[in-house]
Amino acid sequence: MSKIIRIGTRDSELALWQAKTVQSQLEHLGHKTQLIPVKSTGDIVLDKPIYELGITGVFTKTLDIALLNGDIDIAVHSLKDVPTLLPKGIVQAAVIKRGNVRDCLVFKKNEEFLSQRDAIIATGSLRRRAQWLNRYPTHTIVGLRGNVNSRLQKLEDNDWNGAVFAAAGLGRLDIRPEESFNLEWMIPAPAQGAVMISALENDEETLAICAEINHKDTEIATSIERKFLNLLEGGCSAPIGALAFVKDEEVHMQGVLLSLDGSKKIEVQRTVALEKHDELAQFCAEYIIERGGKRLMDNLKKSSQDVNIYSTKTLTDDQKQLFHDDVISESSDFIKISLNRIAPKVLRPLPKNVIITSKNAVEALLMNFAPQELQFENIYCVGRKTKRLVERKIGKVKHIENSSKALAEYLVEYIEGTEVTYFCSAIRLDELPTILNENNIEVNEVIAYETKYDSVKINDAIKGVMFYSPSTVQSYKQENDDDIIAFCIGETTAKEASKHFDDVRIAKIPTVESVIELVNEHYV
């Protein structure tokens, strides 16, 4: 080849090592080369984690542009930084023999913190963070960016127990500290430890030259890992790990997908004959997806968007899936419940008429008495879920209404007798007992459970809040004053919300799912 091969590379120490390795292999084959270093966005912006930069191929875009502009002939990348879909006109020309694939823990002083509840570990990788928290859920993770040397210095300067690095980077720069070891349990990033060369698709001469230094087994393994990543629709912003390798005419593959906090993990392992490796990534990705991977990926995508709805009751995963794509929710329990001891004399004699307005009251009764002790003649309920629980655990419900007020008005007309026992919370609305007392119906209140406020301050950008009882409204107001849309589970809750908010909306039926439907209607 008569022309000089212009090798584009980032100008970090590690990137230059990679480019010089490629340069050495090409020159060993008799080709003339020239290194052309450039700076990438990922090298310039060091005050944010990679996943917050919002750029696909944060370390590769600048080199792609140089390649397309004809300023360089080939670009050398750490393959794990390369998007799974290359820009139009650019192809993978070669991948050289892979280095150490593992992640490495560099620690200070000793390793005792691994068996302790509290420790601080530094990493800028969501994948490393999620896997660490999955194994050590009580540890604290702090962000870490910069080149390898600056990250080692930050570890030294801060009160951290350790930091996680790519073993290949430490080894290539010959700066691996003695206080370190590989994390054999941590599945690496797809293509970690591999160096890739890209070139223009129509530059046949350069492609032919690069093919001479291509390492076939590394190409097979990394192509499987990257296809697995692509099929899961992941990038550097998703906690996805993959490791494939060729041994004894077989291809072995490990893959993992985790939630951001590491609490959920889906793994796959598979071995196939070398000639059947084309289907391996597809099998592993589908295995992950079928076991909850799609839901995890959907949650990961939503986590990068601004929250616009807050639920004052912790939502289940199934409930979260009911929101449509424009709704990004957070939730926590704004009230805490503790069940009370109920004196046996409450059931002596056994009350004829009882009112139960929540599942908490049911649980309190069952904690204190056997079901056969609770065979009341007439049970009156508020809410379908309360009714179902009562009939499953205690006995037949005489009548149900959607609100305490409606139930009180019904009892004024139809109650058998002039006395009722009301199992309630220490915090409850006055409406029901007031209406009954005004109509000469005696109400014997039994405090079956305590309701305690546990509000949190929500982000000012959130303009919609879901409420499930008057208590959740009252708890919310202890920490929050901003005007919001109140999405309420029923009329009683809405009445309390109307004291504080101008825009109050009521679900069609008193269920969490119906409140979610109400939210969806607003965000259509």
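Before going into details, it helps to say that this report is about the structure given with it. (Residues numbered from 1 in each chain as written. Predicted model: local features only at pLDDT ≥ 70, side-chain atom pairs only at ≥ 80, totals over all residues. Heavy atoms only, no water.)

**A closer look at the nonpolar core**
So, point 1. Core analysis: the biggest nonpolar cluster contains 25 residues, and I224, F228, I240, M253, L257, L280 and I288 have the highest contact counts within it.
So, point 2. Of all the elements in the fold, those that place two or more residues in this core are α8 (216–231), β11 (240–247), β12 (250–258), β13 (265–273) and α9 (280–303).
So, point 3. For this core, the element with the highest residue contribution is α9, accounting for eight residues.
So, point 4. Residues in contact with I224, not counting those within four places in the same chain, are A244, V251, M253, H277, L280 and A281.
So, point 5. Core analysis: the next-biggest nonpolar cluster, separate from the first, contains 21 residues, V354, I379, L389 and A448 among them. (Core = buried A, V, L, I, M, F, W, Y, C linked by side-chain atoms within 4.5 Å. Buried < 20%, exposed > 50% of the residue type's maximum accessible area, 1.4 Å probe, protein only. Helix = DSSP H or I, 4+ residues; strand = E, 2+ residues; numbered from the N terminus. Contact = heavy atoms within 4.5 Å.)

**A short note on the environment of G146**
So, point 1. Tracing the chain through its elements places G146 in the loop between β7 (140–142) and α5 (148–157).
So, point 2. Overall, G146 belongs to the buried group, its relative accessible area being 18%.
So, point 3. The spatial distance from the C-alpha of G146 to the C-alpha of S12 is 9.9 Å, given a sequence separation of 134 residues.

**Quick look at the packing of aromatic side chains**
So, point 1. In the structure shown here, the tally under the stated rule is 13 aromatic pairs.
So, point 2. Each ring, one from W132 and one from Y136, has its centre 4.8 Å from the other, and the planes form 40°; the classification is tilted. The same class applies to W132 as to Y136, namely buried.
So, point 3. Seen from their ring centres, Y476 and F501 are 5.8 Å apart, and the 70° between their planes marks the pair as edge-to-face. With Y476 in helix α15 (residues 470–479) and F501 in the loop between α16 (491–497) and β24 (503–506), this residue pair connects regions lying 25 residues apart in the sequence.
So, point 4. Residue classification places Y476 among the buried positions, given a relative accessible area of 1%.
So, point 5. Positioned above the aromatic ring of F283, the side-chain terminus of R270 is 3.9 Å from the ring centre.
So, point 6. The ring of Y287 carries the charged tip of R291 above its face, separated from the ring centre by 3.6 Å. (Phe/Tyr/Trp six-rings, centres within 6.5 Å; stacked < 30°, edge-to-face > 60°. Lys NZ or Arg CZ within 6 Å of the ring centre and 35° of its normal.)

**Observations concerning helix α7 (residues 204–211)**
So, point 1. If you check which residues of α7 are buried, you get T206, I209 and C210. Taken around the axis of α7, the buried residues stretch over an arc of 100°, which confines them to a single face.
So, point 2. In this structure, the buried residues of α7 make contact with β1 (5–10), α1 (13–28), β3 (74–78), β4 (90–95) and β10 (195–200). (Arc of directions from axis to C-beta.)

**Things to note about the packing of helix α13 (residues 404–414) against helix α14 (residues 431–438)**
So, point 1. It is the contact of α13 with α14, at a shortest axis distance of 8 Å, that shows an interaxial angle of 15°. Classified by the angle between their axes, α13 and α14 sit roughly parallel to one another. The hand of the α13/α14 crossing is right-handed. Between α13 and α14, the residues in contact are S404, K405, L407, A408, L411 and V412 and E431, L432, I435 and L436, respectively.
So, point 2. Along the lines of polarity and charge, the residues of the contact of α13 with α14 split into seven nonpolar, one polar and two charged. (Axes fitted to C-alpha atoms, helices over the stretch in contact; angles between N-to-C directions. Parallel < 35°, antiparallel > 145°, perpendicular 65-115°, else oblique. Left-handed = near helix turned anticlockwise from the far one by under 90°. Nonpolar A, V, L, I, M, F, W, Y, C, P; charged D, E, K, R; others polar.)

**Topic: the sheet that holds strand β19 (residues 399–401)**
So, point 1. Sheet architecture is open: six strands sit in the order β16-β21-β20-β17-β18-β19, paired in mixed fashion. Each end of this open sheet is capped by a strand with a single partner; those strands are β16 (335–339) and β19. Neighbour-to-neighbour, the strand axes of the sheet open up by a mean angle of 25°, direction not taken into account.
So, point 2. With four bridges joining them, strand β17 (residues 353–356) and strand β18 (residues 378–382) adopt parallel strand pairing. Following the sheet pairing, N353 is matched in β18 by N378.
So, point 3. Of the strands in this sheet, β17, β18 and β19 touch helix α12 (residues 384–393), which is tilted by about 145° from β18. (Pairing = 2+ DSSP bridges.)

**Concerning the sheet that holds β1**
So, point 1. Read across the open sheet, the five strands follow the order β2-β1-β3-β10-β4; overall the sheet is mixed. Each edge of the open sheet carries a strand with a single partner, namely β2 (33–38) and β4. Taking each pair of neighbouring strands and ignoring which way they run, the sheet shows an average axis angle of 30°.
So, point 2. As paired elements, β3 and β10 share five bridges and run antiparallel to each other. Bridge pairing in β10 links A75 to S198.

**Re the layout of surface pockets**
So, point 1. Its volume calculated, the second largest pocket comes out at about 1100 Å³.
So, point 2. Counting only elements with at least two residues in the lining of the second largest pocket, the list comes to β16, α11 (359–368), α12, β20 (419–425), α14, β21 (442–453), α15 and α16.
So, point 3. When residues in the lining of the second largest pocket are grouped by element, the largest group, four residues, is from α15.
So, point 4. The residue makeup of the lining of the second largest pocket, split by class, is 15 nonpolar, 20 polar and seven charged. (1 Å grid on protein atoms, 1.4 Å probe; cavity = no way out; pocket = protein on both sides within 12 Å on 5 of 7 lines; lining within 4 Å. Points joined across faces, edges and corners; volume = space filled by probe spheres on them.)

**What about the side chain of S198?**
So, point 1. Mapped onto the fold, S198 is located in strand β10.
So, point 2. The class of S198 is buried, set by a relative accessible area of 2%.
So, point 3. Non-local contacts of S198, meaning those with residues more than four positions away in its chain, are made with L67, D73, I74, A75, H77, I90, V91 and A93.

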